[in-house]
Structure formats: structure tokens, C-alpha cells
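Understanding the architecture of this molecule
Single-letter residue listing:
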Amino acid sequence: MTGIAAARQAMQAGRADLALPTLRALCAANPGDIDAARLLGFALRLDQRLGEADTVFSAASESFVDPGCSFGLAQTRYELGLPSATLFARAGEIDPANFDLVRNRAAAMASEGDAAGAEHVLEAALAQQPNWIDGHKGLATLRWTRGDPARFADSYAAACRARPRNAALWLAWFAAVAQTRDWAGAGAILDEAEQHLGTTLGIAASRFFLASESGDTAAADALFEATSQITGDTTNLTRIRYLLRRGRFAEAQNIALPLTKGPSAPLFWPYLSLIWRLLGDARAEWLDRPDVFIQSVAVDLTTAEYTELVDVLHALHIMTRPYVEQSVRGGTQTDRSVMLRHEPILQKARARWMDAIRGYVAALPPFEEGHPLLGTPRTQMLIEGSWSVRLLKQGHNVPHTHPMGWLSTAFYIALPDGSAMGAAPAGHIAFGTPPADLGLDLKPYRYITPRVGQSAVFPSTMWHSTMPFDDGERLVLALDVRRPRY
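The shown structure was predicted, so the numbers you read here are calculated from the model rather than taken from an experiment.

Calculation criteria
Residues numbered from 1 in each chain as written. Predicted model: local features only at pLDDT ≥ 70, side-chain atom pairs only at ≥ 80, totals over all residues. Heavy atoms only, no water. Helix = DSSP H or I, 4+ residues; strand = E, 2+ residues; numbered from the N terminus. Buried < 20%, exposed > 50% of the residue type's maximum accessible area, 1.4 Å probe, protein only. Contact = heavy atoms within 4.5 Å. Areas by Shrake-Rupley, 256 points an atom, 1.4 Å probe, with all protein chains shown as cover. Axes fitted to C-alpha atoms, helices over the stretch in contact; angles between N-to-C directions. Parallel < 35°, antiparallel > 145°, perpendicular 65-115°, else oblique. Left-handed = near helix turned anticlockwise from the far one by under 90°. Nonpolar A, V, L, I, M, F, W, Y, C, P; charged D, E, K, R; others polar. Disulfide = S-S within 2.5 Å. Core = buried A, V, L, I, M, F, W, Y, C linked by side-chain atoms within 4.5 Å. Salt bridge = Lys/Arg side-chain N within 4 Å of Asp/Glu carboxyl O. 1 Å grid on protein atoms, 1.4 Å probe; cavity = no way out; pocket = protein on both sides within 12 Å on 5 of 7 lines; lining within 4 Å. Points joined across faces, edges and corners; volume = space filled by probe spheres on them.

1. Details of the overall build of the protein chain
Of regular secondary structure, the protein chain possesses 22 helices and nine strands. By principal-axis analysis of the C-alpha atoms, the protein chain measures approximately 65 × 55 × 50 Å. Within the protein chain, the proportion of its 486 residues that are buried is 52%. Contacts in the protein chain between residues far apart in sequence, at least 24 positions, make up 67% of those at least 6 positions apart. Here the protein chain has roughly 20700 Å² of accessible surface; of this, 54% comes from carbon and sulfur atoms.

2. Structural notes on the packing of helix α13 (residues 201–214) against helix α15 (residues 233–245)
Running from N to C, α13 and α15 point in directions that differ by 30°, and their axes come no closer than 10 Å. Here α13 lies roughly parallel to α15, going by the angle between them. Like other packed secondary-structure pairs, α13 and α15 cross with a definite hand, here left-handed. Where α13 abuts α15, its residues A205, F208, F209, S212 and E213 lie against T235, T238, R239, R241, Y242 and R245. Considered class by class, the residues forming the contact of α13 with α15 number four nonpolar, three polar and four charged.

3. What about the packing of helix α9 (residues 133–145) against helix α10 (residues 154–162)?
The geometry of α9 relative to α10 is characterised by a closest axis approach of 8 Å and an angle of 150° between their N-to-C directions. Classed by the angle they form, the pair α9 and α10 counts as roughly antiparallel. Where α9 abuts α10, its residues I133, H136, K137, L139, A140 and R143 lie against D154, S155, Y156 and A159.

4. A closer look at the side chain of S206
Here S206 lies in helix α13. Setting aside anything within four residues of it in sequence, one finds S206 in contact with L171, F174 and L190.

5. A look at the state of the cysteines
For the coordinates displayed, the defined rule picks out zero disulfides. Here C27 is not disulfide-linked; the sulfur of C69 is the nearest cysteine sulfur, at 9.4 Å. In this structure C27 comes out as buried when scored by relative accessible area, which is 16%.

6. Description of the nonpolar core
Residues L23 and L40 are the most contacted members of the largest nonpolar core, which totals 41 residues. Broken down by element, the residue count for this core peaks at seven residues, all from helix α3 (residues 34–46). Excluding residues within four positions of it along the chain, L40 makes contact with L20, L23, R24, C27 and V56. Among the nonpolar cores identified, the runner-up in size contains 39 residues, and L301, V310, I357 and F411 belong to it.

7. Structural notes on the pattern of salt bridges
Per the counting criterion, the structure on display carries 33 salt bridges. For D148, the salt bridge goes to R151, with nearest N and O atoms at 2.4 Å. We classify D148 as buried; its relative accessible area is 18%. Residue R151 is classed as partly exposed on the basis of its relative accessible area, which comes to 31%. With its nearest N and O atoms 2.9 Å apart, the salt bridge here joins E213 to R241. With E213 in helix α13 and R241 in helix α15, the pair connects residues that are 28 residues apart, well separated along the chain. R241 matches E213 in its accessibility class, with the two residues each being buried.

8. What to know about empty space enclosed by the protein
Empty space among the atoms can be located by rolling a probe the size of a water molecule over them. Using the criterion set out here, one finds one cavity of 30 Å³ or more in the structure. There is about 40 Å³ of room inside the largest cavity. What lines the largest cavity is simply P372, L373, G405, W406, P459, S460, T461 and R483. Here the lining of the largest cavity is composed, by residue class, of four nonpolar, three polar and one charged.

9. A closer look at the layout of surface pockets
Here the second largest pocket defines a volume of roughly 350 Å³. Lining the second largest pocket are 19 residues, and of these T260, W269, G370, H371 and P372 sit closest to its centre. Of all the elements in the fold, those that place two or more residues in the lining of the second largest pocket are α17 (265–279) and α18 (283–288). For the lining of the second largest pocket, the element with the highest residue contribution is α17, accounting for four residues. Along the lines of polarity and charge, the residues of the lining of the second largest pocket split into eight nonpolar, seven polar and four charged.

Right under this line is the structure:
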């Protein structure tokens, strides 16, 4: 096997760290090997060494016209928080068939202050490619987060009516509107879709989702049976949530438990936690262990460094409203993975924060086969996602989990003073409280009192929420640690 092939195989196995020495040696021995340079840049990205990846892609792009390096440079600069819209445009000229470049160029333009131009870019691309669902999602997100809920999903509507036989477009439009809990609007989309497509499995599953989540109990009861043969993560979750609302906990367990053996297990473990608690099953304690798994750790930064962090984060909160699919209420959330950005204070905070998280991991109980937290290796520590949340008066996060992560954290950067915060548990994180719309009588396992310089660390499968507070600003960083592969 050649060095390139071996490096590529290591990267496919999630071991960019093993590929890097080989690729560095190949690039040093043959600076003109564009394949090695491209692969080195992407290996560095996989290892979250974005500054080094930027250097490699920049040098390669100066010497070669290569679509991969051009995309790698633009994407790396974007994730570093550096100007990248022009680079995405240049990459699009090299690879005009790659619509991901158009979507990412629009995101970069919006982050650089040109939201109107970003809309225009996406609208022009969708005029050429109306079936491009990711483009519709990007445009809808841009409009929603910048305070335009009235027309955020208009592009879906136009595309569906121009191509009424495209079932995927109709379901994407439905999903976009249903996320906003506009149940009447979502139902109207299904009615219109059914006129063109008939009652497809996708429409039937969507009607069950709509009935269950909107509280139409009679329709949900009928559709639960009628859709019994439909599978898929969304429908399985809908069925579990329906059964929880109906108090049929053992049936919900029968659906959820086998699904924890598959690739989508992180979606279902949180619901098993609720089910086992409601059934009085001791496995809830085995799974959650709140006294062991929910901890607060100190992050070693100075007062001046926290002040600098506040200033940097304020500049990143540019959206008018939070993402529709997120848990934030009464505040905003940043885009991109904020802890991968270039600002020195963020880099320093990342290093100190990850040190604190490693201390948490080192103190965990031993490996335990089959457990979603303990049943994984513990050597790899990469960021799955990171962001900042800024909450203002009465702001809060509704109960949620992080199915993409292994560990989740909330790091307090700035808080209201005691009188503005209000009486405890105002502004605290609550753990173990289910979503209110499930109607379940389960109290929190515990609260963590927010303190600047402390980070709450807990399993990503743990239900958690932020309690409303009276007044002031609550500024946090949040980070998910990727589920380790080795």
C-alpha cells in the first residue's frame, strides 16, 4: 500500500493523527505533490488543527488550481472566523457544479455583514437548481435568524408549486414550518402535497408527527396504528413521544430499547432515561448517575481574560433571533464552532477548558460495555460543536439533549449580579427535567449554580435546561466533545 493510500485509509478510520506523519514526510520529499498536500490539509482539519491546515491549503492554492485545496482554504478560513466569502466565490469558479460552495459562500457573506448579498446568492442558485434542498434550508435559516419569519420558507413554496411531483421538497417545506410550531401552516402544506402526490408513506408519517406534537390526540391515536409499519428515526421518536404522552411507558420502552444498539442510539437513550424513571426501573440510575456524571469544574483563566472573552463573544452575537431548531428562548446563539476560531483568547480558553474536561474524564468510573458514556474509549478528545449563548431578561433554554455529542458542557463567562438574577434556581442549569410538552411528572435530578469561571460537564444524553432569570445578561460558552473512536 502506498503512503497516500495508507494515509487515506487511516483518515477514513478516524485516525488523522496516524496519517499526519506520513503526509508530512510525503510533502517534504515532494513539494509538488498536490495529492499529498490536499490530503495533508484535510488531515489537519480532521485533527482540528485549523491554523496549520490554513497554511497548507494557502500554499497549495498559490501553486495549483485544485478544487479540493480551494474549497479547503475557504472552509478553513470560514471556520477560523476569518474573511472567506471571496475565497468561496473563487472556489465556485473552479468547481461550478459544487453547490455546497454556494451555500457556504452565503453563510460567509452573512457573517461578514452582507446578509442581503447572501440572500441574493442563494436565490440565484435556487433559480438554477430549484430542487436543491440544502439551498432552501440555508436561505430559510438566514431569513429566520435575521428576523424575517414571514417569508423565511417562501423559497420552498415556490419550488414545490413549480415542481409538485417532488416529494422530498414538500417534506422539507413541511419540516421547516413544523419546526416553528406553526401547526396550521404545516398541516396546510401536507394537504397541498397530498393533492399532487397522494397519501405517501412520508405524508402519513408527517401527519402522525403533526397530530402527536400539536396535541391532536384523537388523530394521533388513529395514526399511531395506521403508521405502525413506517420506520426511521423521526417516526420512531414520534412514536416514543406519543406513548409517553399517553402514559404507555412499557410500550415506549419496547420501541426505544432495541434502538440503543444501532447507530442512532444517542437519540433514544434520553427517552429511555425518562421511561425507566417513570417505571421505577433501577436502570435509570445505571444510565444517568447524576451524582457522578453531573459535575462543575473550574477553568483556569484570569479576570482580565474573562473580560476579553466577553468582548469577543459580544461581537459574534450578530443574529436577531436564535436558530429555529435550537433550545434558546429570549436570546441568541452564535454560528460555526466558536472554539475553533482564530482569536487568541478563544484559543487560550479552548486549551484551558479542554484541560478541565480531561480532568473530568480522568475521574470517570472504569470502562463499562454497553453504557453510552462509559462504554467508549477515552483517548481522543475532539470538539463536535461549540457555540455561545447570550440570554437576556427571562431568557432560558428549554429541556433538550445533544445527540451528536459524548460529553456536553456549559462554561459561564458573564452573569447578572445576584439581585438581577433573582432567587434560586433562577439562571441555574436543571438536569433531568423532560420537555414540558410531554406532560411528565419528573423533577430535576439536580441544579448547578452558575459561577463565572466554572463549567458544568455532563453526558450528552442527559436532559438539561436553563431556568429563566429576572434581568441582566447570561453569557456562556457551550461545547460538545465528540464521541471518541479510539
